[in-house]
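Notes for the structure review
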Amino acid sequence: MSERSFRFTHAITRRPSSSAALGLRAVDTGAPDLALMRRHHAEYVAALRSTGATVIELEALEEFPDCVFVEDTALCLPEGAVVLRPGAPSRRGEAAAMAGHLRALYEEVLTIEGPGTIDGGDVLVTEREILVGRSGRTDAAGIAALAAAVGRWGYAVRTVITPGEVLHLKTDCSLLDSETILATPRLAGLGIFADYRVILTAPGEEAAANSARFNDLVLMPAGFIRTAARVAAAGFAVRLIGNSECAKLDGGMSCLSLRFSPPQARAGEGGHAISLQPP
Ligand code: CIR
């Protein structure tokens, strides 16, 4: 069976902005400690790189406080990339800034035009379908535009509902392998993962659901030991990464990277970090 939904040759990350304290959040629990956020981010990048992947580290965009959360800017598939249209107007320029980097890696880069909106955090790619959550950030028009874009490469999109109190679909779930999804009880309880094996987060550990499978590793936010034990007991190699500061901005493991395998690995050999300046 193909493993293209969790085995990747590349990732793109972006360093935290020094304006991160101005980042969007549902509830203000205080400003992130920027030095600690940068240390956690470096741990995250090192974990991605340790799997042998090429990690393209972009510089911070100081005018975009949420720029570290690159997942929301694009959907990268083996056939091509789609530049998304984030639902928060303050984040739209992040997607435009990503487009040039994707064009250096892909021959085919499509762009979602308005009026619809869609954030990458609402897009869960599995081996057999692309689930997209309607949320406060992602609307029906955005999902329709994405479905039209990826339909040309043969992908089926299934719309699901991101629970009202949840920022993004992947705030509450992550793909672990071709058959297995880690999810909160509140999301799994909607029945949307009926055809998958589901590992539930432990009570009080819902924030552990935003994890990320990347090659042989499952990156999980540190501090949720019962859920990490459940994932490890199912046979996955868990790597715990500090996330206390990104969590203050409603971000988790998936938000911090675009993970993909471009058609030709034109950006260099595996295992290296490449820093690109904005085009
Ligand atoms: C935002 O509200 O847009 C950011 N503070 C957090 C984005 C997290 N991204 C993600 O879940 N994919």
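Residues numbered from 1 in each chain as written. Predicted model: local features only at pLDDT ≥ 70, side-chain atom pairs only at ≥ 80, totals over all residues. Heavy atoms only, no water.

Side note on the environment of Leu-124
Definition in use: Per the convention used, a helix needs a DSSP run of H or I reaching at least four residues, while a strand needs a run of E reaching at least two, with both numbered from the N terminus. The contact definition used throughout considers only heavy atoms, calling two residues in contact when any of these lie within 4.5 Å.
The topology assignment puts Leu-124 in strand 6 (residues 123–125). Placed 47 residues apart in sequence, Leu-124 and Leu-77 show a C-alpha to C-alpha distance of 12 Å. Setting aside residues up to four positions removed in sequence, Leu-124 forms contacts with Glu-129, Ile-130, Leu-131, Leu-169, Lys-170, Cys-173, Ser-174, Leu-175, Ile-181 and Phe-193.

Quick notes on the site of the ligand
Put simply, the rule is: The criterion for a residue being near a molecule or strand is simple. One of its heavy atoms has to lie within 4 Å of it. For this analysis, a polar contact is any N or O atom pair within 3.5 Å, provided that within protein one partner can donate a hydrogen and the other can accept it, and provided that sequence-adjacent residues contribute only side-chain to side-chain pairs. A 1.4 Å probe and the Shrake-Rupley method give the accessible areas. Residues count as covered only by the protein chains that appear here.
Looking at the ligand, there are 13 residues lining it, with Leu-24, Asp-66, Arg-137, Leu-249 and Cys-255 nearest. Here Asp-72 contributes a side-chain N or O atom positioned 2.8 Å from a nitrogen atom of the ligand. The separation between an oxygen atom of the ligand and a polar side-chain atom of His-168 is 2.9 Å. Look at the ligand: alone it shows 350 Å² of surface, and the protein chains cover 100% of it.

Regarding the nonpolar core
Inside soluble globular proteins, nonpolar side chains tend to come together where they are buried. Defined as follows: Here, nonpolar core means buried Ala, Val, Leu, Ile, Met, Phe, Trp, Tyr and Cys residues that are tied together by side-chain atoms lying within 4.5 Å of each other. Relative accessible area decides the class of each residue, using a 1.4 Å probe on protein chains only: under 20% of the type maximum gives buried, over 50% gives exposed, and in between gives partly exposed.
One finds Tyr-44, Leu-48, Phe-69 and Leu-219 to be the most contacted residues of the largest nonpolar core, which totals 22 residues. Among the elements of the structure, helix 1 (34–50), strand 12 (212–214) and strand 13 (217–221) are those that each provide at least two residues to this core. At five residues, the largest contribution of residues to this core is made by helix 1. For Phe-69, the residues in contact, after removing those within four places along its chain, are Arg-91, Glu-94, Cys-246, Leu-249, Gly-251, Cys-255 and Leu-256. Core analysis: the next-biggest nonpolar cluster, separate from the first, contains 17 residues, Leu-58, Ala-95, Ala-99 and Tyr-106 among them.

Description of the environment of Ala-20
Note on placement: Ala-20 falls in the loop between strand 1 (10–14) and helix 1. By relative accessible area, which is 3% here, Ala-20 ends up buried. Counting along the chain gives 148 residues from Ala-20 to His-168, while the straight-line C-alpha distance between them is 19 Å. Excluding residues within four positions of it along the chain, Ala-20 makes contact with Pro-32, Leu-34, Met-37, Pro-65 and Leu-249.

Considerations on the confidence of the model for the chain
For the record, the criterion: What pLDDT expresses is the predictor's confidence in each residue, scored from 0 to 100.
Mean pLDDT over the chain stands at 94; residues scoring 70 or higher make up 94%. Note that pLDDT drops below 50 for residues 266–279; the model gives that stretch 43 contacts with residues more than four away or on any other chain.

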